Amino acid sequence: MGKDHKVLIMRCDSYDPDRIKDIVKEGMQELGVKPSGRILLKPNVVMAHPEIFPHAFTRTEFLDGVIAATKECAEDVDEIAVGERSGITVPTRYNFKMAGYPEIIKKHGLKTYYFDECKQVPYQLKKSEALRDNMFFPEPIVNCDFLINLPKFKAHPWTRLTLSLKNFIGIQDDRHRLVDHNLFLEHKIADLQEVVQPRFIAIDAITAGQKMMLTPTPFDMGAIVMGTNSCAVDTVGCHMVNVEPKDLIHLKLTSERGYGPMSLDEIEVGGDFPLEEMQAKTKDFEFCMEHVDNYFNETSNLRCTVGTFPEKHSADYCWGGCPGALQEAMHIFKGYYPGAYQDMKKIHYVVGQVNGELDIRDDEQVIFAGNCTSWEGKIDGNDVKIESSYKSPAEVDEKRTCGNDMIKKNLLPPVHLIKNRNSRHIHVKGCPVSVGDHVHYVSGLGKLGNPNYDTRTLSGVNIAYWQMRAKRFLNQFTT
Ligand code: SF4
């Protein structure tokens, strides 16, 4: 009996735009893909910098090749555009520049949608499993006819892998991106699929990323993965690195909602790179799924205590929130300052509900991270009471969330640190505490340089920020 879905794994061992174009064009033809109408290409540019974040994003040459193939295969085109929202509040236009995108987009005569500069519109969710009734999306996402998803093949410390489904986190602006980006991240990813389904997916797996999503270590995978259904593509992606699809929780949740398969019984795997050969090649592919108390304690001046968490489905760990953000932040420090783990002053990081004694050493500063964190005890002989202010998704109104503006995010933590300068402990609020906030607090208490003020990126990011603010203001008046 024929299978309903087809996914191709094609060999591609270099970032040669012409070769990528030929492979993607062949894939589009084999899969019967004919882009038309308002075509939107969505790469993964969570962060980009040639020196500090060289492997975090869908490479420029890959985008170049896919655009060329799209133009050759498309019919009845109204528009071809590239759109994305980068991570940790850094303006997308800055990361596009660092990735080298503007030259390629200009060469092909396409439009750019920086989603942080676009109008955000409410979209009503209908699936009964959704966490909330409405989500907000940039207009180009809601209005596109033909979405082409271009993820980067990477491991991910929150969700194990980021492939086609997870790439949708980058379709929301800062105000809405961190809503439910906590114990419910996997559910949120499933919810995001309701607004639009990609009609073609091409994963940049030429150089894949291991362990982290912002600062991955490169893995020479040598492939392009293509398909027309996110669940099918992600299922094959899991098998490519010897992961059981059921362990990719957002894939399981999305598949259960009827968006696609998660079994190879329903997917024909084609292409010229046999799955078994890929599995042998990736047998040592590295993930980062350790809890932070196992991950850091032996290897750095950071010790972590992990308590329990307020939702039954994930009471032993918060996969989508603060702990993973700490891991990403620490790896950012390592990217900027290679000796950071040993050079930093000692910090004890506490997350979750912790009962009883805490082993706080005399030379440690203490960060209590996150709204759900609670503890009661003595530090330096003084009574300390940290109280939880955690709210479940039903108690969080997505229309009233704060903006997560970059300047605000850069000002508030230093002020908080100054106010608490005479205390050995600090409670950092947020659900989640973002990667950016973690960077500020670890920098301040650990007496490390602050990547937010690093001269290699400071002026470029800030110029891009004010351009972004101006464009966002003007875009309110366009229809
Ligand atoms: S406060 Fe942080 S650790 Fe606690 S539930 Fe929220 S994101 Fe998770």
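Keep in mind that what you see is a predicted model, and the values were worked out from it rather than measured.

Regarding helix α7 (residues 185-192)
Then, number 1: Judged by how many residues are buried, α7 sits mostly within the fold: 8 of 8 residues are covered.
Then, number 2: When we look at burial in α7, the residues that qualify are L185, E186, H187, K188, I189, A190, D191 and L192.

Considerations on the packing of aromatic side chains
Then, number 1: Taken as a whole and judged by the stated rule, the model has 14 aromatic pairs.
Then, number 2: Measuring from ring centre to ring centre gives 4.9 Å for Y295 and F296, while their planes differ by 85°; the resulting arrangement is edge-to-face.
Then, number 3: A residue is classified by how much of its surface remains accessible, and Y295, at 12% relative accessible area, is buried.
Then, number 4: Judged by relative accessible area, F296 falls into the buried class, the value being 0%.
Then, number 5: On the numbers, 6.0 Å between centres and 70° between planes, the contact of F296 with Y341 is edge-to-face.

Considering the pattern of salt bridges
Then, number 1: Applying the stated criterion across every chain, the model contains 31 salt bridges.
Then, number 2: Among the ionic pairs, K25 bridges to E72, the shortest N-O distance being 2.7 Å. Here K25 is found in helix α1 (residues 17-31), whereas its partner E72 is found in helix α2 (residues 60-73), with 47 residues between them in sequence.
Then, number 3: The partly exposed category is assigned to K25, whose relative accessible area is 25%.
Then, number 4: Residue R400 is joined to D397 by a salt bridge in which the shortest nitrogen-to-oxygen separation is 3.5 Å.
Then, number 5: Counted as one network, the salt bridges with shared partners bring together R132, D180, D397, E398, K399 and R400.

A closer look at the site of the ligand
Then, number 1: Looking at the ligand, there are 14 residues lining it, with C318, C322, N371, C372 and C431 nearest.
Then, number 2: Looking at the shell around the ligand residue by residue, the class counts come to 9 nonpolar, 5 polar and no charged.

Observations concerning the domain arrangement of the protein
Then, number 1: Here the protein is described as being made up of domain 1 (5-281) and domain 2 (292-448).
Then, number 2: Each of domain 1 and domain 2 was reduced to a C-alpha centroid, and the two centroids are 30 Å apart.
Then, number 3: Carbon and sulfur atoms supply 65% of the area that domain 1 and domain 2 bury against each other, a total of about 2,800 Å² over both sides.
Then, number 4: Taken together, the links from domain 1 to domain 2 amount to 1 salt bridge.

Considering a negative patch on the surface
Then, number 1: Taken together, the side chains of D16, D18, D22, E26 and D272 define an acidic patch exposed on the protein surface.
Then, number 2: By secondary structure assignment, the location of D272 is in the loop between β12 (267-270) and α10 (275-281).

Things to note about the environment of E256
Then, number 1: Locating E256 in the fold gives a position in helix α9 (residues 249-256).
Then, number 2: In the structure, E256 is positioned 67 residues away from I189 in sequence and 13 Å away in space, judged by C-alpha atoms.

Points about the nonpolar core
Then, number 1: Ranked by size, the top nonpolar core spans 108 residues in total, and within it F153, M221 and I367 carry the most contacts.
Then, number 2: When residues in this core are grouped by element, the largest group, 8 residues, is from helix α12 (residues 322-336).
Then, number 3: Both domain 1 (5-281) and domain 2 (292-448) contribute no fewer than three residues apiece to this core.
Then, number 4: Excluding residues within four positions of it along the chain, M221 makes contact with F153, A205, I206, A208, M240, V241, F273, M278, K281, T282 and F285.
Then, number 5: By size, the runner-up hydrophobic cluster in this structure holds 39 residues, among which are I20, V45, I67 and I104.

Quick look at α12
Every α-helical turn comprises 3.6 residues, leaving residues that sit three or four positions apart pointing alike.
Then, number 1: With 15 residues, α12 should cover 21 Å at 1.5 Å per step; its first-to-last C-alpha distance of 21 Å lies within 8% of that length.
Then, number 2: For α12, the buried fraction is high: 13 of the 15 residues fall into the buried class.

Looking at the environment of R469
Then, number 1: Tracing the backbone through its elements, the reader meets R469 in helix α16 (residues 458-475).
Then, number 2: Taking the relative accessible area as the measure of exposure, R469 reaches 34% and is therefore partly exposed.
Then, number 3: Among the polar contacts listed, one links the side chain of R469 to the side chain of Y465, at a separation of 2.7 Å.

Some words on the environment of L458
Then, number 1: Residue position: L458 is located in helix α16.
Then, number 2: Aside from chain neighbours lying at most four places away, what touches L458 is N452 and Y453.

Quick look at unusual backbone geometry
Then, number 1: The omega torsion of the bond from C431 to P432 falls at 15°, within 30 degrees of zero and hence cis.
Then, number 2: The topology assignment puts P432 in the loop between β17 (425-428) and α15 (435-446).
Then, number 3: One non-glycine residue, D76, lies in the positive phi region at around 45°.
Then, number 4: Tracing the chain through its elements places D76 in the loop between α2 and β3 (77-84).
Then, number 5: The exposure class assigned to D76 is exposed, which follows from its relative accessible area of 67%.

Brief notes about the packing of helix α8 (residues 230-240) against α9
Then, number 1: Two elements in contact, α8 and α9, have axes whose closest approach is 10 Å; the angle formed by their N-to-C orientations is 145°. At the point where α8 passes α9, the crossing takes the left-handed sense. Side by side, α8 and α9 meet where C231, D234, T235 and C238 of the first sit next to H250, L251, T254 and S255 of the second.
Then, number 2: Its residues assigned to classes, the contact of α8 with α9 comprises 3 nonpolar, 4 polar and 1 charged.

Cut-offs applied
Residues numbered from 1 in each chain as written. Predicted model: local features only at pLDDT ≥ 70, side-chain atom pairs only at ≥ 80, totals over all residues. Heavy atoms only, no water. Buried < 20%, exposed > 50% of the residue type's maximum accessible area, 1.4 Å probe, protein only. Helix = DSSP H or I, 4+ residues; strand = E, 2+ residues; numbered from the N terminus. Phe/Tyr/Trp six-rings, centres within 6.5 Å; stacked < 30°, edge-to-face > 60°. Salt bridge = Lys/Arg side-chain N within 4 Å of Asp/Glu carboxyl O. Near = heavy atom within 4 Å. Nonpolar A, V, L, I, M, F, W, Y, C, P; charged D, E, K, R; others polar. Domains from an automatic or database assignment. Buried area = accessible area lost by both parts, 1.4 Å probe. Patch = residues over 30% accessible without salt bridge, like charges linked within 9 Å, V, L, I, M, F, W, Y side chains within 5 Å. Areas by Shrake-Rupley, 256 points an atom, 1.4 Å probe, with all protein chains shown as cover. Lys, Arg positive; Asp, Glu negative; His and termini not counted. Charge placed at Lys NZ, Arg CZ, Asp CG, Glu CD. Core = buried A, V, L, I, M, F, W, Y, C linked by side-chain atoms within 4.5 Å. Contact = heavy atoms within 4.5 Å. Expected span 1.5 Å × (residues − 1). Polar contact = N/O pair within 3.5 Å; in protein donor to acceptor, adjacent residues only side chain to side chain. Axes fitted to C-alpha atoms, helices over the stretch in contact; angles between N-to-C directions. Left-handed = near helix turned anticlockwise from the far one by under 90°.

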